[in-house]
Amino acid sequence: MSKVTIIGATGRLGSFASHAISGIPHVDEVMLAGRPGREKSLMALSHDLTDSCAARGTGTKITWSTSPADYAGSDVIVVTSGVPRKEGQDRTDLALENARIIAPIAEQIGKYAPDAIILMITNPVDVMTAVALRYSGMEPRQVFGLGTHLDSMRLKVLIARYFQVHVSEVHTRIIGEHGESMVPLWSATTIGGIRISNLPAFSDLPMDEMVDRVKNSGSFIIKNSGATVYGPGDAIATLVQTIIGNENRILTVSSYVRSEVHDIGDTCIGVPARINREGVVPVSIRIEDAELAAFGASVEKIRALTRNIFEKMDELRSSG
Ligand SMILES: NC(=O)C1=CN([C@@H]2O[C@H](COP(=O)(O)OP(=O)(O)OC[C@H]3O[C@@H](n4cnc5c(N)ncnc54)[C@H](O)[C@@H]3O)[C@@H](O)[C@H]2O)C=CC1
Ligand SMILES: O=C([O-])CC(=O)C(=O)O
């Protein structure tokens, strides 16, 4: 029996992610969670998703709750609660506002579902993963964020199109911040198992344009359609399936890094990590000098922002 809870389920991303998760094999229950006052919306969504499961012929049970006590028994808890950015904003602009929303949610998860695995989505996702880790009191392996998994998928599609190959032939990773300082690992990019730099077309590859397109993907979609929904929603479902199916895949997610990448760490940031039912553990890697310098800068940026948010949260709490 597997139960997956989505906190923030009435939101644009939360509702589509709930739909995607309800189709994962061996997910028996999807619980839609939200704040008191959202009962009608949660109930209506649960009816709609139940109809969807009936139409797809799946037996997934859809439940809903506004009580954190009902987080109990969850194997995975996906958190999408919080404010999304508006056109012109950077994800980091949301840090304090969303930390104030995520901290109490994380405390309730730590209280009622201390054995669950938390998948953090709320932006800025690296900082919110650290907030969830701190306030849930859970172990680092139990708390991770969507990180640069979606960015890696966005880059993968661009590379596949350029080389006119099926996406499954491309392996690539973006590490670091889910944001401006993200770092593409061209040294870890292969096509059909061949390192990309060994292919003749590599010298003409518009690498900077491709990375800019990935960096601007979220803001482009938000500007023109209001929110990113299907890309992150299906990426969330992939991660949930990897946990529930105990798949041991290595995906690039925001995880607490100690020393796995050239001893740089003490922050939550996007790195390759092994994911299974026990949770998420970063994989030790060595990368090229230029990539390392960029990753170091990205870690410093996120570590400084995270510390700043922790200090502000401490001040807010001590002033009542
Ligand atoms: N990491 C990633 O790749 C992605 C992250 N996101 C992030 O996910 C979050 C949600 O995005 P959307 O679903 O588009 O937003 P939305 O506005 O449609 O939904 C927000 C959800 O949060 C809840 N919420 C808002 N304020 C709250 C509060 N004070 N306490 C408790 N719950 C509250 C709302 O009830 C709603 O369920 C944003 O922070 C967004 O930036 C979105 C897409 C991709
Ligand atoms: O861009 C945003 O704010 C939402 C997000 O993180 C993404 O889709 O990459």
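What you see is a predicted model; the values in this text were computed from it and never measured.

Definitions and cut-offs
- Residues numbered from 1 in each chain as written.
- Chains lettered and ligands numbered in written order.
- Predicted model: local features only at pLDDT ≥ 70, side-chain atom pairs only at ≥ 80, totals over all residues.
- Heavy atoms only, no water.
- Helix = DSSP H or I, 4+ residues; strand = E, 2+ residues; numbered from the N terminus.
- Buried < 20%, exposed > 50% of the residue type's maximum accessible area, 1.4 Å probe, protein only.
- Contact = heavy atoms within 4.5 Å.
- Salt bridge = Lys/Arg side-chain N within 4 Å of Asp/Glu carboxyl O.
- Core = buried A, V, L, I, M, F, W, Y, C linked by side-chain atoms within 4.5 Å.
- Domains from an automatic or database assignment.
- Near = heavy atom within 4 Å.
- Polar contact = N/O pair within 3.5 Å; in protein donor to acceptor, adjacent residues only side chain to side chain.
- Areas by Shrake-Rupley, 256 points an atom, 1.4 Å probe, with all protein chains shown as cover.
- Nonpolar A, V, L, I, M, F, W, Y, C, P; charged D, E, K, R; others polar.
- Buried area = accessible area lost by both parts, 1.4 Å probe.
- UniProt positions renumbered as here; feature names shortened; annotations may be inferred.

S.K.: Which residues make up the environment of R258, and what are the values?
M.R.: With respect to the helices and strands, the residue R258 is situated in the loop between strand 12 (249–257) and strand 13 (267–276). A residue is classified by how much of its surface remains accessible, and R258, at 48% relative accessible area, is partly exposed. Each C-alpha atom, one on R258 and one on M153, is 25 Å from the other, the two residues being 105 residues apart in sequence. Contact partners of R258, with chain neighbours within four places excluded, come to P140, D263, I264, G265 and D266.

S.K.: Explain the pattern of salt bridges to me, using residue names and the numbers behind them.
M.R.: Between side chains of opposite charge, pairing is possible as soon as their charged atoms come close. The tally for this structure, following the rule as stated, stands at eight salt bridges. D266 is the salt-bridge partner of R307, the closest N and O atoms lying 3.2 Å from each other. Within this pair, whereas R307 is found in helix 8 (residues 289–318), its partner D266 is found in the loop between strand 12 and strand 13, the two being separated by 41 residues in sequence. Given a relative accessible area of 45%, R307 falls into the partly exposed group.

S.K.: Could you give an account of the nonpolar core, naming the residues involved and the relevant values?
M.R.: Counting 39 residues, the largest nonpolar core has V4, I21, V78, F144, I236 and V240 as the members making the most contacts within it. When residues of this core are assigned to their parent elements, the largest contribution, seven residues, is made by helix 7 (residues 230–244). Counting contributing residues per domain, this core is built from domain 1 (3–145) and domain 2 (148–304), each supplying no fewer than three. Aside from chain neighbours lying at most four places away, what touches V240 is V4, I21, I24, V76, V78 and L119. Formed by 32 residues, the second largest nonpolar core is a distinct cluster that contains I77, A95, A103 and I118.

S.K.: With reference to specific residues and values, describe the site of ligand 2.
M.R.: By nearness alone, every residue bordering ligand 2 is listed as R85, R91, N123, R154, H178, G218, I222 and T228. Contacts to ligand 2 include T228, whose side-chain N or O atom sits 2.8 Å from an oxygen atom. Coverage of ligand 2 by the protein chains reaches 91% of its 260 Å² of free accessible surface. In terms of residue class, the shell around ligand 2 is built from one nonpolar, four polar and three charged. Both domains that furnish three or more residues to the shell around ligand 2 are identified here as domain 1 (3–145) and domain 2 (148–304).

S.K.: Before we move on, could you go through the domain arrangement of the chain and cite the residues and values that matter?
M.R.: Here the chain is partitioned into domain 1 (3–145) and domain 2 (148–304). Measuring from the centre of the C-alpha atoms in domain 1 to the corresponding centre in domain 2 gives 23 Å. Contact with domain 1, which involves 34 residues of that partner, is made by 39 residues of domain 2. With both sides pooled, the region where domain 1 packs onto domain 2 buries about 3,000 Å², and carbon together with sulfur makes up 70% of that total. The largest per-residue losses of area from domain 1 upon contact with domain 2 belong to R91, D126 and F144, which jointly make up 21% of the total buried on that side. Inspection of the domain 1/domain 2 interface yields one salt bridge. Note that D75 is salt-bridged to R277, the shortest N-O span being 3.2 Å. If you look at where domain 1 meets domain 2, you find eight residue pairs in polar contact (both at pLDDT 80 or more).

S.K.: Tell me about the site of ligand 1, residues and numbers included.
M.R.: Neighbouring ligand 1 are 23 residues; R12, L13, R35, G82 and V83 lie closest to it. The contact in question runs from an oxygen atom of ligand 1 to an N or O atom on the backbone of R12, over 2.8 Å. In the model, an oxygen atom of ligand 1 is placed 2.9 Å from a nitrogen or oxygen of the L13 main chain. In isolation ligand 1 offers 860 Å² of accessible surface; the protein chains occlude 83% of this area.

S.K.: Break down the UniProt feature "binding site: substrate" (unreviewed entry) in the chain for me, with residues and values.
M.R.: Taking the numbering used here, the UniProt-annotated feature "binding site: substrate" (unreviewed entry) corresponds to R85, R91, N123 and R154. Topologically, R85 is positioned in the loop between strand 4 (76–79) and helix 3 (95–112). For R85, a relative accessible area of 12% translates into the label buried. What R85 contacts, discounting residues up to four positions off in sequence, is D90, R91, L94, G218, S219 and I222. Among the polar contacts made by the side chain of R85, one reaches the main-chain carbonyl oxygen of Q89 at a distance of 3.2 Å. Assignment of secondary structure puts N123 in the loop between strand 5 (117–120) and helix 4 (125–136). The exposure class assigned to N123 is partly exposed, which follows from its relative accessible area of 22%. The contact partners of N123, leaving out residues within four places of it in the chain, are R91, L94, N98, M128 and H178.

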